[in-house]
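# Remarks on the overall topology
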Amino acid sequence: MLILARRTDEKIRIGEDIVITIIEIHGDQVKIGVKAPKTVKVFRQEVFEEIQKENKAAAAGTEMLDTLSRLLKNKR
C-alpha cells in the first residue's frame, strides 16, 4: 500500500485518467473528490461490499431456481 500525505486542495493522480482531490479535512474526517472516466466505477468500500454480497445472493438464487426447474422437469 502506498501512503501519501496531502493537504486541502492537493491532488493525487492515478494513471492518466483518475485524479483524487482532497476537498476538506475536518478532525478525523477527510472529504475527497474523484474525477474519473464514466467507465470507471467508484464506490465507498462498504457500498462495494454490499453490492458484492447482493450479487452473490442473486447468483445463488438463480442457481437454486435452475435446480428447482430441472427437478420439476424430471418429475414430468
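Quantities reported herein were computed from a predicted structural model and do not represent experimental measurements.

A word on the sheet that holds strand β1 (residues 11-14). If you walk across this open sheet you meet the three strands as β1-β2-β3, and the pairing is antiparallel. The open sheet has two free edges, formed respectively by β1 and β3 (29-35), since each of these has just one partner strand. Ignoring strand direction, the axes of neighbouring strands in this sheet form an average angle of 25°. Here β1 pairs with strand β2 (residues 18-26) via four bridges, running antiparallel. Counted as the bridge partner of K11 is T21 from β2.

Next up on the list: the pattern of salt bridges. Scanning the model with the defined rule gives four salt bridges in all. When the shortest N-O distance is used, the salt bridge between E10 and R6 registers 3.6 Å. E10 gets classed as partly exposed once you look at its relative accessible area, which sits at 25%. Looking at R6, the relative accessible area reads 36%, which means it is partly exposed. One salt bridge in this structure joins E50 and K53, with 4.0 Å as the shortest N-O distance. Of this pair, E50 and K53 are both found in helix α1 (residues 45-75), three residues apart, which corresponds to roughly one turn of the helix. What makes E50 partly exposed here is its relative accessible area of 37%.

Here we take up the packing of aromatic side chains. Per the stated rule, a full pass over the model turns up one aromatic pair. Between the aromatic rings of F43 and F48, the centroid separation amounts to 6.3 Å while the plane-to-plane angle is 45°, which identifies the pairing as tilted. Overall, the relative accessible area of 40% leaves F43 in the partly exposed class. Judged by relative accessible area, which is 37%, F48 ranks as partly exposed.

Reading the values: rules and limits
Residues numbered from 1 in each chain as written. Predicted model: local features only at pLDDT ≥ 70, side-chain atom pairs only at ≥ 80, totals over all residues. Heavy atoms only, no water. Pairing = 2+ DSSP bridges. Helix = DSSP H or I, 4+ residues; strand = E, 2+ residues; numbered from the N terminus. Axes fitted to C-alpha atoms, helices over the stretch in contact; angles between N-to-C directions. Salt bridge = Lys/Arg side-chain N within 4 Å of Asp/Glu carboxyl O. Buried < 20%, exposed > 50% of the residue type's maximum accessible area, 1.4 Å probe, protein only. Phe/Tyr/Trp six-rings, centres within 6.5 Å; stacked < 30°, edge-to-face > 60°.

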